[in-house]
Amino acid sequence: MLDITKTKFIRSAASEKDFPDGSFPRLVFVGRSNVGKSSTINALLAKPGFARTSSVPGKTVFVNLFMIDEQAWLVDLPGYGYAKTSKAEQQRYSALIESYLSRDRKSISRMYMVVDARHKPTQLDRVMADWIRSFSIPYTVIANKLDKLKKSEIEPNLARIRSELCLPDDVKLIAFSAQKLTGRDELLRDVLDASLGAGRCSE
Ligand code: GTP
Ligand code: MG
């Protein structure tokens, strides 16, 4: 069984030549800029400050690669869709995300799509969910920042995320707060399960 506490930062990849080789399963975190991908990874690993976070969107500008217990890659992708980033930079991030996903697609055991529990998913979120489904990649959606919702808002917001992203019933939607660690055990179980599968299919 994978020991999640034995996670090391390996490198930041700025281009395809730095993406990992080999067949270890990849667990890949994607989502809009500033939605809390890096914070979610830190909550999962119980290592505050491990993946770099920021209140300024666009903090993760590279594909950050972590190795869990010498057995699985954990991949923190740059966030998409931050309007204030220059067009050129946005294009650079999109190209980097796209080249990572197309190059490593077959080794991805599971994608973790992080959305903001407060908001309706954006057009780009819907495109990402469609893309994941079009390649039949297993995925889990994490509705982060749950601590910012009133109790009465939780159920309707989760239902809206499910319907806007067209999530089939068997796709898990984890109500999560990286700040309060809500949903952490459920995410950990999911990650441990996903890491058991090697890359889903060989070349
Ligand atoms: P990029 O790397 O820019 O794409 O951002 P990211 O998605 O990695 O977000 P990051 O983890 O850097 O968090 C963005 C901001 O949201 C930070 O100010 C975090 O403290 C805050 N944040 C993240 N998760 C939570 C949460 O569960 N609750 C609250 N209240 N704030 C959160
Ligand atoms: Mg980040």
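Since this is a predicted model, take the numbers as computed values, not measurements.

Draft legend 1. View of the pattern of salt bridges. Taken as a whole and judged by the stated rule, the model has 12 salt bridges. Here K6 and D3 are joined by a salt bridge, their closest N and O atoms 3.9 Å apart. A relative accessible area of 27% means that D3 is categorised as partly exposed. A salt bridge links D116 to R118; the nearest nitrogen and oxygen atoms lie 2.8 Å apart.

Draft legend 2. Structural context of helix α4 (residues 151-164). With 14 residues, α4 extends 21 Å between its outermost C-alpha atoms, agreeing within 8% with the 20 Å of an ideal straight helix rising 1.5 Å per residue. Listed as buried for α4 are I154, N157, L158 and I161. Down the axis of α4, the smallest arc covering the buried residues is 105 degrees, so these residues share one side. Among the exposed residues of α4, those oriented more than 90 degrees off its buried face are S152 and E155. Looking at the buried positions of α4, the neighbouring elements they touch are β5 (108-116), β6 (139-144) and β7 (173-175). Two residues or fewer after α4 comes C166, characterised by a positive phi angle close to 55 degrees.

Draft legend 3. Molecular detail of the layout of surface pockets. Estimates place the volume of the second largest pocket at around 350 Å³. Every residue lining the second largest pocket is counted, 17 residues in all, and those nearest its centre are Y80, S94, E98, L124 and M128. The set of elements that each furnish at least two residues to the lining of the second largest pocket consists of α2 (87-104) and α3 (123-134). Counting residues per element, the lining of the second largest pocket draws most heavily on α2, which supplies 7 residues. Residue composition of the lining of the second largest pocket, grouped by class: 9 nonpolar, 7 polar and 1 charged.

Draft legend 4. Broad picture of the packing of helix α1 (residues 37-45) against helix α5 (residues 184-196). Closest axis-to-axis distance for the α1/α5 pair is 9 Å, and the angle between their directions is 85 degrees. It follows from the interaxial angle that α1 and α5 lie roughly perpendicular. On α5, the residues that touch T40, A43, L44 and L45 of α1 are R184, L187, L188 and V191. For the contact of α1 with α5, a count of residues per class yields 6 nonpolar, 1 polar and 1 charged.

Calculation rules
- Residues numbered from 1 in each chain as written.
- Chains lettered and ligands numbered in written order.
- Predicted model: local features only at pLDDT ≥ 70, side-chain atom pairs only at ≥ 80, totals over all residues.
- Heavy atoms only, no water.
- Salt bridge = Lys/Arg side-chain N within 4 Å of Asp/Glu carboxyl O.
- Buried < 20%, exposed > 50% of the residue type's maximum accessible area, 1.4 Å probe, protein only.
- Helix = DSSP H or I, 4+ residues; strand = E, 2+ residues; numbered from the N terminus.
- Expected span 1.5 Å × (residues − 1).
- Arc of directions from axis to C-beta.
- Contact = heavy atoms within 4.5 Å.
- 1 Å grid on protein atoms, 1.4 Å probe; cavity = no way out; pocket = protein on both sides within 12 Å on 5 of 7 lines; lining within 4 Å.
- Points joined across faces, edges and corners; volume = space filled by probe spheres on them.
- Nonpolar A, V, L, I, M, F, W, Y, C, P; charged D, E, K, R; others polar.
- Axes fitted to C-alpha atoms, helices over the stretch in contact; angles between N-to-C directions.
- Parallel < 35°, antiparallel > 145°, perpendicular 65-115°, else oblique.

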